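The primary structure of each chain is shown beneath.
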Amino acid sequence: MSREELFDRLAQAVIEGEPEDAEELAREALAQGLDPLACINEGLTPGIDRVGELFASGEYFLPDLIIGGEAMKAALAILEPALTGDQERQVLGRVVLGTVEGDLHEIGKTLVGTMLTANGFSVTDIGIDRPAADFVAAVKEANATLVGASALLTTTMLQQQKIIEALQEAGLRDQVKVMVGGAPVTQSWADKIGADGYAEDAVSAVALARRLVSAPT
Ligand code: B1M
């Protein structure tokens, strides 16, 4: 199977909601020596974006969204360890990462965490649907230098602002840089709420995190 055909079939497995096919194709891609990040960016992501479009246009319903997400997760479970590798690295910074309160979307957040880990950050992933207080507690616990808040819904973006306010109230705002992301989030939103940075995707999240901790890019 050619590289393009494999990417196309990965996308199709997500669109059709076939976790087993997605997993098998991911294994095949790695066996062929394909770059796991390219499999994600050129196969899985166009697939899940198409699922989102079909949902938005009313052709897909919630179960389709769920099974599309499951298919993407099944393939990521195979591809992500290949991104991380197992070399020992110098820790560039300690990151507390989570999806904000009221928001159950985990795939993008987890991918950002994997990429940060793969690039030398120590990541405490506090999960999904996490209130601002949990971010604050995790910053204290991990003595973190960076906070990453993911939000996928226009209604939950507001929680990113709550996290910044909670860090201020806890006297921790000077200790940590805050980065925000997620499909509806923009640079102007990040500026408006006083975040230190916005990243559009997992690759730019790594570049941003490096910049925020002043590591060479
Ligand atoms: Co939901 N959902 N969903 N969903 N879902 C969206 C986000 C939506 C755009 C679909 C649509 O209508 N087209 C829409 C939001 C509309 C809006 O508010 N603007 C939507 C909706 C409406 C809903 C529900 C309300 C549906 C309902 O119940 N009626 C509901 C809400 C539940 C809740 O959270 N309270 C809901 C539920 C779900 C599922 C749980 C079923 C499922 C998630 C499964 C899971 O995560 N385990 C799901 C899915 C799969 C999607 C879509 C199709 C895909 C999201 C995804 O995983 N993308 C999504 C449409 C879309 O985005 N195309 C949609 C792949 C992932 C790699 O990308 O998460 O964008 P993404 O992350 C990227 C970047 O955004 C960035 O880097 C990542 C990697 O490149 N990034 C960061 C993300 N976080 C970052 C943090 C950073 C930096 C970068 O720094 C900290």
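Preceding this section is the structure that the text describes.
Residues numbered from 1 in each chain as written. Predicted model: local features only at pLDDT ≥ 70, side-chain atom pairs only at ≥ 80, totals over all residues. Heavy atoms only, no water.

**Student:** Explanation requested: the pairing of strand β3 (residues 146–150) in the structure shown.
**Tutor:** For a regular strand, side-chain orientation follows a simple rule: the groups alternate between the two sheet faces. Counting buried positions along β3 gives five out of five residues, so the element sits mostly inside the fold. Alternating residues of β3 divide into Leu 146, Gly 148 and Ser 150 and Val 147 and Ala 149, and every residue in both groups is buried. Where strand β1 (residues 93–100) and β3 come together, five bridges link them in parallel fashion. Paired with Val 95 across the two strands is Leu 146, which belongs to β3. Two elements, β3 and strand β4 (residues 177–181), share five bridges in a ladder whose sense is parallel. From the neighbouring strand, Gly 148 faces β4, where its bridge partner is Met 179. In terms of handedness, the path from β3 via helix α7 (residues 158–169) over to β4 forms a crossover that is right-handed. (Buried < 20%, exposed > 50% of the residue type's maximum accessible area, 1.4 Å probe, protein only. Helix = DSSP H or I, 4+ residues; strand = E, 2+ residues; numbered from the N terminus. Pairing = 2+ DSSP bridges. Right-handed = clockwise from strand over helix to strand, strands pointing away.)

**Student:** How do you make sense of the layout of surface pockets when you look at a structure like this?
**Tutor:** To locate leftover empty space, one rolls a probe as large as a water molecule over the atoms. Estimates place the volume of the largest pocket at around 1,400 Å³. Around the largest pocket sit 44 residues that line it, and Ile 48, His 105, Ile 107, Gly 108 and Leu 152 are the ones nearest its centre. Per-element tally for the lining of the largest pocket: the top contributor is helix α3 (residues 36–56), with nine residues. For the lining of the largest pocket, the per-class residue count stands at 27 nonpolar, ten polar and seven charged. Summarising the domain contributions, the lining of the largest pocket has at least three residues from each of domain 1 (3–82) and domain 2 (94–214). (1 Å grid on protein atoms, 1.4 Å probe; cavity = no way out; pocket = protein on both sides within 12 Å on 5 of 7 lines; lining within 4 Å. Points joined across faces, edges and corners; volume = space filled by probe spheres on them. Nonpolar A, V, L, I, M, F, W, Y, C, P; charged D, E, K, R; others polar. Domains from an automatic or database assignment.)

**Student:** Is there a simple way to explain the coordination of the cobalt atom of the ligand in this structure?
**Tutor:** Think of it this way: four donors in a tetrahedron around the metal ideally sit 109.5 degrees apart, and six in an octahedron ideally sit 90 or 180 degrees apart. A lone protein donor binds the cobalt atom of the ligand: His 105 (NE2), at 2.2 Å. Take His 105: it is sitting in the loop between β1 and α5 (107–118). (Donors = N, O, S within 2.8 Å, 3.2 Å for Na, K, Ca; no water.)

**Student:** Just checking my understanding: could you explain the site of the ligand for this structure?
**Tutor:** Taken together, 35 residues are adjacent to the ligand, and Gly 102, Leu 104, His 105, Glu 106 and Ser 150 come closest. In the model, an oxygen atom of the ligand is placed 2.6 Å from a nitrogen or oxygen of the Leu 104 main chain. Within the side chain of Ser 150, a nitrogen or oxygen atom sits 2.8 Å from a nitrogen atom of the ligand. Put simply, the ligand lies in the largest pocket. Residue classes in the shell around the ligand are distributed as 20 nonpolar, nine polar and six charged. Residues from two domains meet in the shell around the ligand; each of domain 1 (3–82) and domain 2 (94–214) gives at least three. (Near = heavy atom within 4 Å. Polar contact = N/O pair within 3.5 Å; in protein donor to acceptor, adjacent residues only side chain to side chain. Sits in = over half its atoms within 2 Å of the grid points.)

**Student:** What exactly am I supposed to notice about the nonpolar core here?
**Tutor:** For soluble globular proteins, nonpolar side chains are generally found buried alongside one another. Judged by nonpolar contacts, the single largest core of 42 residues is most densely connected at Leu 10 and Leu 44. Going through the elements one at a time, α1 (3–15), α2 (19–31), α3, α4 (62–84), β1, α5 and α9 (202–212) are the ones with two or more residues in this core. Of all the elements, α4 adds the most residues to this core, at seven residues. Per-domain counts for this core show at least three residues from each of domain 1 (3–82) and domain 2 (94–214). (Core = buried A, V, L, I, M, F, W, Y, C linked by side-chain atoms within 4.5 Å.)

**Student:** Quick question: what am I supposed to make of the sheet that holds β4 here?
**Tutor:** Strands in a sheet are paired, the pairing made by backbone hydrogen bonds, and the direction either parallel or antiparallel. One open sheet accounts for five strands, arranged β2-β1-β3-β4-β5; its pairing is parallel. In this open sheet, the two strands that pair with only one neighbour each are β2 (121–130) and β5 (197–198). Packed on one face of the sheet, α7 meets β1, β3 and β4 and runs near 155° to β3. (Contact = heavy atoms within 4.5 Å. Axes fitted to C-alpha atoms, helices over the stretch in contact; angles between N-to-C directions.)

**Student:** Which parts of the structure should I look at to understand a negative patch on the surface?
**Tutor:** A surface patch of negative charge is lined by Glu 16, Glu 18, Glu 20, Asp 21 and Glu 24. Tracing the backbone shows Glu 18 in the loop between α1 and α2. (Patch = residues over 30% accessible without salt bridge, like charges linked within 9 Å, V, L, I, M, F, W, Y side chains within 5 Å. Areas by Shrake-Rupley, 256 points an atom, 1.4 Å probe, with all protein chains shown as cover. Salt bridge = Lys/Arg side-chain N within 4 Å of Asp/Glu carboxyl O. Lys, Arg positive; Asp, Glu negative; His and termini not counted. Charge placed at Lys NZ, Arg CZ, Asp CG, Glu CD.)

**Student:** Quick question: what am I supposed to make of the pattern of salt bridges here?
**Tutor:** Working definition: two side chains of opposite charge can pair if their charged atoms are close together. Applying the stated rule across the entire model yields nine salt bridges. A salt bridge links Lys 109 to Asp 125, with the shortest nitrogen-to-oxygen separation between them at 3.0 Å. Taken as a pair, Lys 109 in helix α5 and Asp 125 in strand β2 lie far apart in primary sequence, 16 residues in all. We classify Lys 109 as buried; its relative accessible area is 4%. With a shortest N-O distance of 2.7 Å, Asp 134 and Arg 130 are connected by a salt bridge.

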